[in-house]
Amino acid sequence: MSLRHPSIGLIGRLIAILLLTVTIEFGISTLLYERASQFSVREDEARRLAEHLIICRRLVVERPAAERAEIADELTTDRYLVRWQAQEPRTPTIAPAVDGMRQQVLAWEPTLNRNDVRMWLVSPGSKPFVGGVMKLDDGSWLYFQTLHRLDGLNLAAERILLALIPALGLILLAGLSVRLVLKPLRRLAIAADRVGHGSEEQVPEQGPEEVVTVIRAFNNMQARIHQLIDNRTQALAAVGHDLRTPLARLKLRAEAIPDSDARESIERDIGEMEAMVGSLLAYLGGDSDPEQPAPTDIAVLCATLADDAADRGYDVRYDGPDHFEMPVRTLSLKRALSNLIDNGVHHGTKVTVRLQEIADAVAITVEDDGPGIPEERLHDVLKPFVRLDTARPRDTIGFGLGLAIVARAVELEGGELSLANRSHGGLSARILLHRTQQ
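Keep in mind the model is a prediction, meaning the values are calculated, not measured.

What the five strands build is an open sheet, ordered E6-E8-E9-E11-E10; its pairing is mixed. At either end of the open sheet lies a strand with only one pairing partner, and these are strand E6 (315-319) and strand E10 (416-421). Averaged over all pairs of adjacent strands, the angle between their axes in this sheet comes to 15°, without regard to strand direction. Pairing of strand E8 (residues 350-358) with strand E9 (residues 361-368) involves eight bridges; the strand directions are antiparallel. Pairing of Glu357 across the sheet is with Val362, part of E9. Lying on the sheet, helix H8 (residues 298-311) is in contact with E6, E8 and E9; it crosses E6 at an angle near 165°.

This next bit is on the sheet that holds strand E3 (residues 129-135). The four strands are arranged E1-E4-E3-E2 in an open sheet whose pairing can be described as antiparallel. Only two strands of the sheet have a single neighbouring strand rather than two, namely strand E1 (80-85) and strand E2 (118-122). The average undirected angle you get between the axes of adjacent strands in this sheet is 20°. Packing against the sheet, helix H3 (residues 65-74) makes contact with E1 and strand E4 (141-146), and its axis sits at approximately 170° to E1.

Now for H3. Along H3, the residues classified as buried are Arg68, Ile71 and Ala72. Taken around the axis of H3, the buried residues stretch over an arc of 105°, which confines them to a single face. Facing away from the buried side of H3 by more than 90 degrees, the exposed set consists of Ala66, Glu70 and Glu74.

What counts, and where the lines are drawn
- Positions within a chain are numbered from 1, following the residues in the order the chain's sequence is written.
- In keeping with the model being predicted, local features are shown solely for residues with a pLDDT of at least 70 and side-chain atom pairs are shown and tallied solely at 80 or more, while totals for entire chains, interfaces and linings include all residues.
- Excluding hydrogens and water, the side-chain values take into account all heavy atoms of the structure.
- Strands qualify as paired when DSSP identifies two bridges or more between them.
- Here a strand is any run of E in DSSP of at least two residues, a helix any run of H or I of at least four, and the numbering for each starts at the N terminus.
- Think of each axis as a best-fit line through the C-alpha atoms, taken over the contacting stretch in the case of a helix, with angles from 0 to 180 degrees between the N-to-C directions.
- Two residues form a contact once any of their heavy atoms are found within 4.5 Å.
- For each residue, the accessible area found with a 1.4 Å probe, counting protein chains only, is set against the maximum for its type, and the residue is called buried under 20%, exposed over 50%, and partly exposed in between.
- For this quantity, the arc is that covered by the directions from the helix axis to the C-beta atoms.

Here it is in structure tokens:
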């Protein structure tokens, strides 16, 4: 017995992916801000700012408090903005500090160390500026900001690009992670689409706990379905054998009946029963699809079926090339074409089997001159056990499975079946087989 690994579930994994992307984004943003804090400018720019701060401190401190706001306004130049505030200004919490530039300013004027100088990056639009505050000796504050972008200060565009790159990368990483988490569901969807079209295909029980539970239930359901199909196929084979044996005995006994009319009537009934049993077994026993595609000359197949019908006294002819080979399920396609020809000769007096090559496909068309099918019922006749009295006599042999068997055979070949009424009377049944899908 294997030990199961603990699972945090589908929701837990999605939350973990989100937490991972947020953590990475936080780490990258921190590195970007740290990089911005190390930004420096040319020495003359730092010296000029330091000298201006020293002059502002000296002139503002010398004035009484009532005049400090006015003198600060007068100290504003076309290069620097200066404002005086009695209370400590609010410092931005998300703007990156420019510690490198601050160290340059303090290196030029060490006396500013006692004034608690703080500096940060301000980026209105695409032009970055430097803002800051300085504490005066009496506890009041000076706010300053550069009004022109300092030479060498070109960090905004770079920072935006650097921030976009990890953001896009994180989006891609999150998408790939979610895709990986949902991969078992895609395998489950593919396997579910194949149920009933081939052998049983177990889906690996992998993924979050919720997905594993669904996959396990699907595998169990699939096993039960295939077991039911196998049981039904075996039961049908047994029933077919048991029914054909008494029918064969009835046929032998009917030959001994001296009355020719009664003998022929009984033989017709026996033939109808055999046809009904054969069509029922062909339809209900076709799920396992034991036949594999093999190279087949479908032109010869169509011509042979048309000749066989003509030998039985029907007006059936073949129109097409002498040879055309492609891989198909020979017996299945033969049964489908036979059903179409039989329908044609039962409902009309003349049938044409036509084979045409169309690009990468081949079209097989069976046309008759019968009454056709009402337009609103063209799709209904492809359903099993459907019989249209307006298009068929009531004594037609079978359960109404002929066209349903044709539709299933064409589906196995990956082709397309279409029915259409002919403009001058009759029905046209067209089978389109794609050679690229074989």
